[in-house]
Structure formats: C-alpha cells, structure tokens
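# Report on the structure
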Amino acid sequence: DHPSAPSGDGHIEAHVVVADVLAPMSAANLEGTARATFTNASVFGLAIENAVVDAAASGGIVRVNALDVQGSAAKVSAKGTVALIGEGQSDLSYLIDVADLSMFQTLTPHTLGGSAHAEGRITGPAGQLKTAGTLSSNSLMAGPAKALALKSKFDLAIPVNDLERTTGQMDL
C-alpha cells in the first residue's frame, strides 16, 4: 500500500448518463448525481472521521449540494456550482478550519504549524476561476514565515486552472 492511498469505510450511490459512449470521456458528455459518505477514512495519510459529498453534474457544471469533511486536523465544507467546461459560471462558497497545520506536513517540504481559518467563494467560468475571501491564523509557521496572528483578505486568479500560475493579492 502506498502511504497516500485512501482507506476507510464508505458508501457511494451514483447515477451516471454517458451521452455518447463512443465519444472521448469528458465533462461535456456526462451527467448524473452522486452521494458519497465515508467514515474512519484516510487520504494522503490524513485521518477523516466523517465525509459527505452530494453533487450533480450536467452540461459541464457540477452543483455541489453538500461537501462536508471532518477530521482530527481539519474541517472543510463547500456548497455551490463549479464550471468544468464552457462558459458556465462557478459560484462555490467554502469554509476551511485547520486546528493544527502540522498535520499536513507530509504534503509539503516546508515546515508547517499553527492554526488557520479560511472562508471564501470561487467564481468565474472554467479556465478563469477566481477566489476571494478571508484568512486568519494563529501561531502561523509556513517555511521561513512566522506570525503570531494573521488576519487578511485575499483575491486570487487561477488562469487555465493551473495552480502554479495563480496570481493575486493579500491585504496584510
């Protein structure tokens, strides 16, 4: 087993329609609904106590009715729409609470510590996503950066859905 391999107990109910089974698989020819629940799970070595995902896809748009993940290190929730292709608009609200950033140390070569809380919205068409919101942290340690307390607004643009090309600003 690879350390990042997911494990745990779960249940998935899905209804998927493929518009053209001979066409290449893409968001354009898929629609359906899915509801997944997981307990006592692990992904990338991170413990997940409970997770629920309830979503529907049609016309390249995913409607997230509920995304709620709770673990010992973090709590994540989201609701709204995400455009995967075309000119449809994304509008997804999210909330992320991390009690101990060091629990995510295995995901980065940089030292992590402290707690963090982020709230925001992802908007825009596929390939031109933007996110804006607020970030607060206590006893933050991220690589060489350290802060006893941090509260900031952020506004980021993710061109062509390439996280490495993300640009934006934070008000510190």
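Each value, and the rule that gives it
- Residues numbered from 1 in each chain as written.
- Predicted model: local features only at pLDDT ≥ 70, side-chain atom pairs only at ≥ 80, totals over all residues.
- Heavy atoms only, no water.
- Helix = DSSP H or I, 4+ residues; strand = E, 2+ residues; numbered from the N terminus.
- Buried < 20%, exposed > 50% of the residue type's maximum accessible area, 1.4 Å probe, protein only.
- Contact = heavy atoms within 4.5 Å.
- Areas by Shrake-Rupley, 256 points an atom, 1.4 Å probe, with all protein chains shown as cover.
- Lys, Arg positive; Asp, Glu negative; His and termini not counted.
- Charge placed at Lys NZ, Arg CZ, Asp CG, Glu CD.
- Pairing = 2+ DSSP bridges.
- Patch = residues over 30% accessible without salt bridge, like charges linked within 9 Å, V, L, I, M, F, W, Y side chains within 5 Å.
- Salt bridge = Lys/Arg side-chain N within 4 Å of Asp/Glu carboxyl O.
- Axes fitted to C-alpha atoms, helices over the stretch in contact; angles between N-to-C directions.
- Polar contact = N/O pair within 3.5 Å; in protein donor to acceptor, adjacent residues only side chain to side chain.

For the protein, the helix and strand inventory stands at zero helices and 10 strands. Ordered by position from N to C terminus, the α and β elements of the protein give β-β-β-β-β-β-β-β-β-β. Based on the C-alpha atoms only, the size of the protein along its principal axes is roughly 55 × 35 × 25 Å. Taking all 172 residues of the protein together, 27% fall into the buried category. Taking the contacts inside the protein whose residues are at least 6 apart along the sequence as the reference set, 36% of them involve residues at least 24 apart. As displayed, the protein has an accessible area near 10900 Å², and 59% of this comes from carbon and sulfur atoms. Looking at charge distribution, the protein has the averaged site of its 10 positive side-chain charges lying 9 Å from that of its 17 negative ones.

Of the pairings in the sheet, the one linking strand 3 (residues 46–58) to strand 4 (residues 61–70) comprises nine bridges and is antiparallel in character. Residue Ser58 lies in a different strand from strand 4, and its bridge partner there is Ile61. Connecting the antiparallel pair strand 3 and strand 4 is a turn made up of two residues, with Gly59 showing a positive phi of about 60°. Strand direction decides the pairing type here: strand 4 and strand 5 (residues 74–83), joined by eight bridges, are antiparallel. Bridge pairing links Ile61 to Ala83 in strand 5. Where strand 4 folds back on strand 5, the antiparallel hairpin that results is connected by three residues.

What follows covers a nonpolar patch on the surface. There is a patch of nonpolar side chains on the surface, built from Val43, Phe44 and Leu107 and spanning about 260 Å² of accessible area. Relative to the helices and strands, Leu107 resides in the loop between strand 6 (89–98) and strand 7 (112–125). With a relative accessible area of 47%, Leu107 lands in the partly exposed category.

What follows deals with the sheet that holds strand 7. Taken together, 10 strands build an open sheet; the order of strands is 1-2-3-4-5-6-7-8-9-10 and the sheet is antiparallel. Here the strands that pair on one side only, and so sit at the sheet edges, are strand 1 (7–18) and strand 10 (167–171). On average, each strand axis in the sheet is tilted by 10° relative to the strand beside it, whichever way the strands run. Of the pairings in the sheet, the one linking strand 7 to strand 8 (residues 128–142) comprises 11 bridges and is antiparallel in character. Note on strand 8: the bridge partner recorded for Ser115 is Asn138.

A word on the side chain of Ser137. Here Ser137 lies in strand 8. In this structure the side chain of Ser137 is engaged in a polar contact, spanning 2.5 Å, whose partner is the backbone oxygen of Ser115. Ignoring any residue separated from it by four or fewer positions in sequence, one finds Ser137 in contact with Ser115, Ala116, Leu148, Ala149 and Leu150.

This part is about the pattern of salt bridges. Under the definition given, this model contains two salt bridges. Between Arg35 and Asp54 there is a salt bridge; the shortest N-O distance is 3.6 Å. You can see Arg35 sitting in strand 2 (residues 30–43) and its partner Asp54 sitting in strand 3, a full 19 residues away along the chain. According to the relative accessible area criterion, Arg35 is partly exposed, its value standing at 39%.

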